[in-house]
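Working through the structure, step by step
Given next are the chains, with one letter for each unit.
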Amino acid sequence: MTFADAINDTLLWAMNKDPKTLFFGLGATDPKRLFGTAKGLLENFGPDRVFDMPTSENGMTGIAIGAAIQGYRPIMTHQRLDFFLLAMDQLVNNAAKWHYMFGGQDSVPLTIRLILGRGWGQGPTHSQSLHSWFAHVPGLKVVMPSTSADASGLLASSIFDNNPVIFLEHRWLHHQLGAVPEKCEPIPLGKGRLLSEGQDYTIVSCSYMTVEAVRAVKLLADHGIHCDLIDLRTIQPLDWDLIDRSVRKTGRLLVLDIGASSFGISSEIISSVCTRLFSSLKQAPQKLAAPDYPIPTSVALSEQFYNGAEEIAGIILSGIKKQGISLRPLQESHLSHDVPGEWFRGPF
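Residues numbered from 1 in each chain as written. Predicted model: local features only at pLDDT ≥ 70, side-chain atom pairs only at ≥ 80, totals over all residues. Heavy atoms only, no water.

**Remarks on the overall build of the chain**
Summing up its helical and strand segments, the chain has twelve helices and twelve strands in all. Relative to the compact-globule value of 20 Å for 348 residues, the chain shows a C-alpha radius of gyration of 20 Å, a close match. Principal-axis analysis of the C-alpha atoms places the extent of the chain at approximately 60 × 45 × 40 Å. Residues classed as buried in the chain amount to 57% of the 348 residues present. A fraction of 80% describes how many contacts in the chain between residues 6 or more apart in sequence connect residues 24 or more apart. Accessible surface, the chain as shown: approximately 15,000 Å² in total, 53% of it carbon and sulfur. Put simply, the chain has 30 plus and 34 minus side-chain charges, and the middle of one group is 4 Å from the middle of the other. (Helix = DSSP H or I, 4+ residues; strand = E, 2+ residues; numbered from the N terminus. Rg over C-alpha atoms; globule rule 2.2 N^0.38 Å. Buried < 20%, exposed > 50% of the residue type's maximum accessible area, 1.4 Å probe, protein only. Contact = heavy atoms within 4.5 Å. Areas by Shrake-Rupley, 256 points an atom, 1.4 Å probe, with all protein chains shown as cover. Lys, Arg positive; Asp, Glu negative; His and termini not counted. Charge placed at Lys NZ, Arg CZ, Asp CG, Glu CD.)

**So, helix α10 (residues 265–277)**
Here α10 contains 13 residues, and its C-alpha end-to-end distance of 18 Å stays within 8% of the 18 Å for a straight helix at 1.5 Å per residue. For α10, the full list of buried residues reads I265, S266, I269, I270, S272, V273 and L277. All buried residues of α10 fall inside an arc of 165 degrees around its axis, so they share one side. Packing partners of the buried residues in α10 comprise α6 (131–135), β8 (201–205), β10 (234–236), α9 (240–250), β11 (253–260) and β12 (286–290). (Expected span 1.5 Å × (residues − 1). Arc of directions from axis to C-beta.)

**Regarding the packing of helix α1 (residues 3–17) against helix α7 (residues 148–159)**
Each packed pair of helices is defined by two parameters, the angle between the axes and the distance between the axes. Interhelical geometry of α1 versus α7 gives an angle of 30 degrees and a closest axis separation of 8 Å. The pairing of α1 with α7 is recorded here as roughly parallel in orientation. The hand of the α1/α7 crossing is right-handed. Residue-level contacts link F3, A6, I7, T10, L11, W13 and A14 of α1 to S148, A151, S152, L155, A156 and I159 of α7. For the contact of α1 with α7, a count of residues per class yields ten nonpolar, three polar and no charged. (Axes fitted to C-alpha atoms, helices over the stretch in contact; angles between N-to-C directions. Parallel < 35°, antiparallel > 145°, perpendicular 65-115°, else oblique. Left-handed = near helix turned anticlockwise from the far one by under 90°. Nonpolar A, V, L, I, M, F, W, Y, C, P; charged D, E, K, R; others polar.)

**Here we look at the pattern of salt bridges**
Under the criterion given, the structure shown has nine salt bridges. A salt bridge links R215 to E212, with the nearest nitrogen and oxygen atoms 3.0 Å apart. Here E212 and R215 lie together in helix α8 (residues 209–222), a separation of three residues that amounts to about one turn. R215 sits in the buried class, given a relative accessible area of 17%. You can call E212 buried: its relative accessible area is 5%. (Salt bridge = Lys/Arg side-chain N within 4 Å of Asp/Glu carboxyl O.)

**Remarks on the sheet that holds β11**
Judged by pairing direction, the sheet is mixed, and its five strands sit side by side in the order β7-β9-β8-β11-β12 without closing on themselves. Two strands bound the open sheet, and with one partner strand each, they are β7 (193–196) and β12. Within this sheet the neighbouring strands show an average axis-to-axis angle of 25 degrees, counted without direction. Inspection of the sheet shows β8 paired to β11 by three bridges, in the parallel sense. If you follow I203 over to β11, its bridge partner there is L254. (Pairing = 2+ DSSP bridges.)

**Some points on unusual backbone geometry**
That bond from Q236 to P237 is cis: its omega, 5 degrees, falls within 30 degrees of zero. With respect to the helices and strands, the residue P237 is situated in the loop between β10 and α9. Residue S207 is not a glycine yet carries a positive backbone phi of 55 degrees. You can call S207 buried: its relative accessible area is 0%.

**Considering the state of the cysteines**
Scanning all chains against the criterion turns up zero disulfides. Cysteine C227 shares no disulfide, and the gap to the nearest cysteine sulfur, in C206, comes to 17 Å. (Disulfide = S-S within 2.5 Å.)

**As for the side chain of S266**
Residue placement: S266 occurs in helix α10. Assessed through its relative accessible area of 0%, S266 is described here as buried. Excluding residues within four positions of it along the chain, S266 makes contact with V255, D257, S261, K287 and A289.

**Observations regarding the sheet that holds β10**
Across the sheet, seven strands lie side by side as β2-β1-β3-β4-β6-β5-β10; this open sheet has mixed pairing. Each having just a single partner strand, β2 (50–51) and β10 make up the two edges of the open sheet. Of the strand pairs in this sheet, strand β1 (residues 21–25) and β2 are connected by two bridges, and their pairing is parallel. Bridged to F24 within β2 is F51. Strands in contact with α1 are β1, β2, β3 (73–78), β4 (111–116) and β6 (165–170); relative to β1, the strand with the most contacts, it is inclined by about 135 degrees.

This is the structure:
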C-alpha cells in the first residue's frame, strides 16, 4: 500500500471508530482530496464531519481547539507546512498549554497534519521542514513517519492521543509502497525502530532521510561496514533508550535531518549523547542536515542543496577511515532533481 493510501485507510478507520472525529482543511473536499489522503471521507461521513475551510488558519485552529476541549477529536490538514505558520499563536499559546494551565482538567485531542519537503521547485516558502520548532514547545508531540505501516500506526495513535500532535508527512513519501497490517494497529508514540543492525556506526534518522539512509546502509554492508539504522518515527518525545543502546555498542554516531543544520533536532541529539555518553564515544558525533540557507527554487541551486545516500555513505567511510569504495551505485545523475531514483514512484 502507498504511504498516502495508508493514511487514507487510517482516517476512514478512525472516523468509523469515533463519531466525534472531525476532518477538515484546505482541499479536504477538492477532487484530488489532499494528495489522495482524504478519499471517500466526505462520501462516507458527510459535510458535518468532513469539510473544506476558509484561508483563515489561525481562526480555524482556534475552532479546532475549542471543539477538542468540548470532546471532539479534530484532524486538521494543511497542504503545506508553511501555510500553518499563520496559526502558531493558537498552537503554541492555546493548544500546547491548555492541559497544563487548567491543572489537567481539560485536554486538547487535536491532530494537525502538515505536508513538507521538496519537489516542483517550490522554494523557500513552500517546502520548509520546521519540525524542530514544534518539538521545542512543551505540550506538543511531533511525529514524522517514513513508511506506510508507520504512517498508519502512528496516525492512529496521534488521533486518539489526548494531547495535540503535529503529524508531518514528507511529500516524497506519499507514493512509496510498503507492507501494511490488514487491520489498523496503533504504534505507541515515542518509540523508534531499528531498521538494520551493525557494530560499526549508529545512524539516527527520520522522515524521508530514512529512505536515503537505507540505500546507504545497503551499499556499506556490501563492503563489510555494518550500521545500526534508527528511524526515530517520533521526535517529541524521543526514544532515548534506543539511541543510547546503539551508541554504547558502536561508539560512533551520525544524525540525519531534513531541516536546517543549526539549532535543530540533530544538534539536540548530539548534545545529549555527548553529555551523557561521552565515555562511550570513539570519535566526535556528526550530523548531516540542510544548509543554513533558504530553500532554493532553481534546478542549479537545489541540486547542490539536498543531501542523500551518497553524502551519508561518504561521512561514514570518512569516519572509519576506509578508502577505495565507489559510491557510483548511489549516483543517478541522469534523473530530474525532483526524482530521487529509479525506485521512486511519482508524481506528487
